[in-house]
Amino acid sequence: MESTIKKINTLKGYALELQKNMTCRPAISPALGGKGEYQKALYLESELNKIKFDELFHVDAPDTKAEGNIRPNIIAKYYGENKNKTLWLMAHMDVVAAGDLSLWKTNPFELTLDKDKDTIYGRGVEDNQQAIVAALLTAKIITESGKRPPINLGLMLLSDEEVGNENGLLYVIKQRPDLFGKDDLFIVQDCGDPEGREIEIAEKNIFWFKFTVTGKQCHASIPDHGINAFEASSNLAVRLTKGLREKFNKIDPLFSPNVSTFELTKREGGVPNVNIIPGSDVFYMDCRVFADYSKEDLVEEIERIADTVENEFKVKVEQEIVVNVASTPTPKDSPLVKAYADAVKELYKVDAKIIGVGGGTFAADIRNLGLPAVVGSKMYSNPHGPNERTRLSFVLDDIKLLVYVITHLK
Ligand SMILES: [Zn+2]
């Protein structure tokens, strides 16, 4: 491992170059107002071509709204001694928009290297370009080592993660179920901590609820001619938040945060004039709950709370689940978890910490195929905000960890 670590340390300049060339190709999904991942994928493919993979191919999803009319999904494989088992490194090419530019200290789509020569700033540098760099350079190290790894090393560089994976991972699973072998293992570097000791093996079950409150529109000067949907829905929003947090209050120390979460998020529509009492109001709630609570439990409590608002304000409340992602945890004693924990101990000299999180990575979809997936990386975990940053030394450590894991799996 020692000479390998030395070699990995020489890759800092290449990691910077990869980050730079990805950051200036903003791969924003058409659903978020961008052109998609086409340019970024072309660039990455030119870099992947420099590595002697045994297989390199695409499973592109057609999408007329995106540049090139596709959402690219790139798959690469380097065979191990045992060709029937693959360790997959998964990463997504798409990024979210920059958001409010005035909050950025640098141009989000032009990589900035800090004067410490290690910290880099730019949209996507952490989420999820660091994982792309780690996967690509791990493959470079393994393929140039002159020795086949015990099992195959696979790379999946996917599109469309930020808006639900429809044209990314879910498309690949549908088109090429054969790629997901029954003995395969998956590492998703899309979440982590600066010490790199956290291994995420479980995600909460995600429910996105949409609430539509219907009253009766009228002029604000004669409120008794209408029913104010805004007032009723505001009461509903407060009662739901309070009621659900109180009822579903189990604490599980495996998870961070250690409780189920119930958050009001998106609000739709509203009236254009200050003097109109709105006849309808629509809002959403993001709920992330432990597997102990069923969908039925949740819906029953929501309906009970909604009834109190309907009766009191004489409105109609409709609720709908617009997204539901549930997954079973990866077992703590899975060989993948063990190899990862050993790598953390060996390389970082700290004990790994097995955790669960709020959710929203590829891992849930992989676990739902009955396959083991862990999420972990050395990172600040500051995705989607302004001044997104990471360190080049973080990715070098990620590469060391990945090389350790692939060479220690059987
Ligand atoms: Zn991500």
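Reading the values: the criteria
Residues numbered from 1 in each chain as written. Predicted model: local features only at pLDDT ≥ 70, side-chain atom pairs only at ≥ 80, totals over all residues. Heavy atoms only, no water. Phe/Tyr/Trp six-rings, centres within 6.5 Å; stacked < 30°, edge-to-face > 60°. Helix = DSSP H or I, 4+ residues; strand = E, 2+ residues; numbered from the N terminus. Buried < 20%, exposed > 50% of the residue type's maximum accessible area, 1.4 Å probe, protein only. Lys NZ or Arg CZ within 6 Å of the ring centre and 35° of its normal. Pairing = 2+ DSSP bridges. Contact = heavy atoms within 4.5 Å. Axes fitted to C-alpha atoms, helices over the stretch in contact; angles between N-to-C directions. Patch = residues over 30% accessible without salt bridge, like charges linked within 9 Å, V, L, I, M, F, W, Y side chains within 5 Å. Areas by Shrake-Rupley, 256 points an atom, 1.4 Å probe, with all protein chains shown as cover. Salt bridge = Lys/Arg side-chain N within 4 Å of Asp/Glu carboxyl O. Lys, Arg positive; Asp, Glu negative; His and termini not counted. Charge placed at Lys NZ, Arg CZ, Asp CG, Glu CD. Domains from an automatic or database assignment. Buried area = accessible area lost by both parts, 1.4 Å probe. Polar contact = N/O pair within 3.5 Å; in protein donor to acceptor, adjacent residues only side chain to side chain. Nonpolar A, V, L, I, M, F, W, Y, C, P; charged D, E, K, R; others polar.

Q: For this particular structure, what's the right way to read the packing of aromatic side chains?
A: Given two aromatic rings, one states the distance between the centres and the angle between the planes to describe the pair. Under the criterion given, the structure shown has 8 aromatic pairs. Summarising the aromatic geometry, the rings of Phe248 and Tyr293 are spaced 4.9 Å apart at their centres and angled 65 degrees between planes, so their arrangement reads as edge-to-face. Taken together, the positions of Phe248 in the loop between helix H6 (229-247) and strand E13 (255-256) and Tyr293 in the loop between strand E16 (280-289) and helix H7 (295-313) put the pair 45 residues apart, joining distant regions of the chain. Per residue, the accessibility class of Phe248 equals that of Tyr293, and both read buried. Here the basic side chain of Lys378 rests over the ring of Tyr348, its NZ or CZ set 4.1 Å away from the ring centre. Over the ring of Tyr380 we find Arg389, and its NZ or CZ is 3.8 Å from the ring centre.

Q: So what exactly am I meant to see when it comes to the sheet that holds strand E20 (residues 389-391) here?
A: Strands pair in a sheet through their backbones, by hydrogen bonds, and they do so in one of two ways: parallel or antiparallel. Here we have 3 strands laid out as an open sheet, ordered E6-E7-E20, and antiparallel in their pairing. Looking at the sheet topology across the chains shown, the edges are occupied by strand E6 (112-113) and E20. Two strands pair when backbone bridges link them, and E6 and strand E7 (residues 119-121) are joined in this way by 2 bridges, in the antiparallel orientation. Bridge assignment links Leu113 to a residue of E7, and that residue is Ile120. Where helix H4 (residues 125-143) meets the sheet, its contacts fall on E7 and E20, and the angle it forms with E20 comes to roughly 35 degrees.

Q: Looking at this model, I keep getting lost on a negative patch on the surface. Mind explaining?
A: On the surface, a cluster of negative charge is made up of Glu296, Asp297, Glu300, Glu303 and Asp307. Take Asp307: it is sitting in helix H7.

Q: Help me out: how do you make sense of the domain arrangement of the protein chain in this one?
A: Reports often express the size of an interface as the amount of accessible area lost when the parts come together. On domain assignment, one finds that the protein chain holds domain 1 (2-196 + 328-408) and domain 2 (205-325). Using only C-alpha atoms to locate each centre, domain 1 and domain 2 end up separated by 36 Å. Taken residue by residue, the interface counts 9 residues in domain 1 and 6 residues in domain 2. Both sides of the domain 1 and domain 2 interface together cover about 570 Å² of buried area, and 59% of this is carbon and sulfur. Contact with domain 2 buries area across many residues of domain 1, yet Gly356, Val357 and Gly358 alone supply 53% of it, more than any other trio. There are 0 salt bridges connecting domain 1 and domain 2. Summed over the shared surface of domain 1 and domain 2, the result is 3 residue pairs in polar contact (both at pLDDT 80 or more). With 4 residues, the top contributor of residues to the side of domain 1 that touches domain 2 is strand E18 (residues 353-357). Within the side of domain 1 that touches domain 2, the residues separate by chemical class into 4 nonpolar, 4 polar and 1 charged.

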